[in-house]
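A closer look at the structure
So the chains spell out like this:
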Amino acid sequence: MVATPGAFDVQECFAIRVGENVRLALPADLVREVAQIPPGEVCPLPGVPAALLGVVNRTGQLCWVLDLGAFLGLTGVASEAQQLLTTILVTTGNRRLALVVTALEGIFTADQPQVVPLPQQLQQRYRELFQGLVYRRGEALALLLPETVLAHLE
């Protein structure tokens, strides 16, 4: 696993699980908080993609709420509206996004500092959403970049 030109270093990541067994990573420096949000606190917005559940007020600021599983084409967590939504709040620039996930798996230090390129056979949509792969105890996790997720929502 050799770093490629243009790859960047990442040390601390936050591991999340989406669906039954899809594990992803986020750069830890983008994570602001984790929270359990009652579905009733999310204010739906008309005319937005189904995965975008709406907005919620977090510490006096509005924050988009995105069902990450549904956005990635997996079973959405938010379909079970009776349970609290497990979210991880990330910021990019002045924008805030609460990603609804199945489980939070905590912060880890990547096995190596370089992000490894994604496999070439991966669909283009996913190649745009992920920077590459990081490894945790030998397991590959796709590194999700919230700013690209936001760009796909606009």
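Anything mentioned here points back to the structure above.
Residues numbered from 1 in each chain as written. Predicted model: local features only at pLDDT ≥ 70, side-chain atom pairs only at ≥ 80, totals over all residues. Heavy atoms only, no water.

1. What to know about the sheet that holds strand E5 (residues 61-67)
Applied cut-off: Two strands are said to pair when DSSP picks up at least two bridges between them. For helices the rule is a DSSP run of H or I covering at least 4 residues; for strands it is a run of E covering at least 2, with both sets numbered from the N terminus onward. Here an axis means a line fitted to C-alpha atoms, over the contact stretch when the element is a helix, while the angle between two N-to-C directions is reported on a 0 to 180 degree scale. We call two residues contacting when some pair of their heavy atoms lies within 4.5 Å.
Taking strand neighbours across the sheet as the criterion, the 5 strands line up as E3-E6-E7-E5-E4 in an open arrangement whose pairing is mixed. Edge positions in the open sheet fall to strand E3 (31-37) and strand E4 (52-58), since each of these has one partner strand only. Neighbouring strand axes in the sheet, compared pairwise and without regard to direction, differ in orientation by 30° on average. Relative to strand E7 (residues 95-100), E5 is paired through 4 bridges, and the arrangement is parallel. By the bridge assignment, Trp64 is partnered in E7 with Leu97. The sheet strands contacting helix H3 (residues 146-153) are E4, E5, strand E6 (85-92) and E7, and the helix crosses E6 at an angle near 95°.

2. Section: the packing of aromatic side chains
Selection criterion: Centre distance within 6.5 Å is the pairing criterion for rings of Phe, Tyr and Trp, where only the six-membered ring of Trp is used; planes under 30 degrees apart are then read as stacked, over 60 as edge-to-face, and the remainder as tilted. The criterion for a charge sitting over a ring is simple: Lys NZ or Arg CZ within 6 Å of the ring centre, and within 35 degrees of the ring normal.
In total, this model carries 0 aromatic pairs according to the counting rule given. Sitting above the plane of the Phe71 ring, Arg125 keeps its charged end 4.7 Å from the centroid.

3. So, the environment of Ala103
Relative to the assigned elements, Ala103 resides in strand E8 (residues 103-109). Once the C-alpha coordinates of Ala103 and Ile88 are considered, the two residues, 15 residues apart in sequence, prove to be 9.6 Å apart. Not counting chain neighbours up to four residues away, the residues in contact with Ala103 comprise Ile16 and Arg17.

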